[in-house]
Amino acid sequence: DGGITQSPKYLFRKEGQNVTLSCEQNLNHDAMYWYRQDPGQGLRLIYYSQIVNDFQKGDIAEGYSVSREKKESFPLTVTSAQKNPTAFYLCASSSGTAINQPQHFGDGTRLSIL
Amino acid sequence: GQNIDQPTEMTATEGAIVQINCTYQTSGFNGLFWYQQHAGEAPTFLSYNVLDGLEEKGRFSSFLSRSKGYSYLLLKELQMKDSASYLCVPPDSWGKLQFGAGTQVVVTP
């Protein structure tokens, strides 16, 4: 079945450590997105990519980095510069960048600090 | 920018109808999405309205009035599994989705 796969489901990070969250889609979607959600809050956009080898910062990009070397993959690295990384991270994709294209989400990764 | 206003929480009984209202202010209108998010899970797409009027999709319907900056999501024949947050999501002028905390719907037996 086509879909978006995020891994791992749960991730623990030590202080000062970088960690990478995986996001893979087999929907042949051009656009991919990373969001962060804190308890009781709405989703906030970290980074997005409309095409391979290109990406843009969202509203809260500081302390995060991404790459888009393949259409199917959009990994997110949470760096040690991100001082409060504990959150629910969601990856999404859409078939194009037209405004009427809905975004479809993976199941998310929960990141916690040890 | 976008301002989104929807109730924080609504409670209804199984089998009933609930209407979740949303008012929004946006610098340029680009349609409006509704998403459902169960606790601890990812949001799932419910509907997209770009024209005025009601769009029905099974037990869920979504209404839009662009001139009033108003939308509602109507949930009919409520089931326990409908207990979730419902997110009114207008795209900004760049097409980026603006998510608020949504409306928590609690369905009771």
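What you see is a predicted model, and the numbers here were worked out from it, not measured in a lab.

*Asks:* Looking at this structure, I do not really get the sheet that holds strand β7 (residues 64-66) of chain A. What am I missing?
*Replies:* As a general point, the strands of a sheet are linked pairwise by backbone hydrogen bonds and lie either parallel or antiparallel. Residues and elements named next belong to chain A. The four strands are arranged β1-β3-β8-β7 in an open sheet whose pairing can be described as antiparallel. Looking at strand neighbours, the two that pair on one side only are β1 (4-7) and β7, the edges of this open sheet. Each adjacent strand pair in this sheet contributes to an overall mean axis angle of 20°, direction not counted. Bridging between β7 and strand β8 (residues 76-78) involves three bridges; their strand directions are antiparallel. Of the residues in β8, the one forming a bridge with S65 is T77.

*Asks:* In this structure, what is going on with the interface of chain A and chain B? I would like to understand it.
*Replies:* Many analyses report the size of an interface as the accessible area lost when the parts associate. Between chain A and chain B, the residue contacts involve 21 residues of the former and 19 residues of the latter. Both faces considered, chain A and chain B share a buried interface measuring about 1,500 Å² in area, 63% of it formed by carbon and sulfur atoms. Across the chain A-chain B interface, the total number found is zero salt bridges. Taken together, the connections running from chain A to chain B amount to three residue pairs in polar contact (both at pLDDT 80 or more). Put simply, the parts of the chain that give the side of chain A that touches chain B at least two residues each are β4 (31-37), β5 (43-51), β9 (87-94) and β10 (104-105) of chain A.

*Asks:* Can you help me understand the pairing of β4(A) in this one?
*Replies:* A regular strand places its side chains so that they alternate between the two faces of the sheet. Residues and elements named next belong to chain A. With seven of its seven residues buried, β4 lies for the most part within the structure. Looking at chain direction, β4 and β5 are connected through six bridges and run antiparallel. Residue pairing across strands places Y33 opposite Y48, the latter belonging to β5. Between the end of β4 and the start of β5, which pair antiparallel, lie five residues, with G40 showing a positive phi angle near 75°.

*Asks:* Hey, could you run me through the state of the cysteines in this one?
*Replies:* Applying the stated criterion across every chain, the model contains two disulfides over all chains. What pairs with A:C23 in a disulfide is A:C91, and their sulfur atoms sit 1.9 Å apart. Here the S-S torsion is close to -75°, and the disulfide linking A:C23 with A:C91 is therefore left-handed. With a gap of 68 residues between them, A:C23 in strand β3 (residues 19-25) and A:C91 in strand β9 connect regions that are remote in the sequence. The two residues A:C23 and A:C91 agree in class, both being buried. Residue pairing for B:C22: its cysteine sulfur links by disulfide to B:C88, the two sulfurs lying 1.9 Å apart.

Scoring rules and cut-offs
- Residues numbered from 1 in each chain as written.
- Chains lettered and ligands numbered in written order.
- Predicted model: local features only at pLDDT ≥ 70, side-chain atom pairs only at ≥ 80, totals over all residues.
- Heavy atoms only, no water.
- Pairing = 2+ DSSP bridges.
- Helix = DSSP H or I, 4+ residues; strand = E, 2+ residues; numbered from the N terminus.
- Axes fitted to C-alpha atoms, helices over the stretch in contact; angles between N-to-C directions.
- Contact = heavy atoms within 4.5 Å.
- Buried area = accessible area lost by both parts, 1.4 Å probe.
- Salt bridge = Lys/Arg side-chain N within 4 Å of Asp/Glu carboxyl O.
- Polar contact = N/O pair within 3.5 Å; in protein donor to acceptor, adjacent residues only side chain to side chain.
- Buried < 20%, exposed > 50% of the residue type's maximum accessible area, 1.4 Å probe, protein only.
- Disulfide = S-S within 2.5 Å.

Read these as geometric descriptors, not functional statements.
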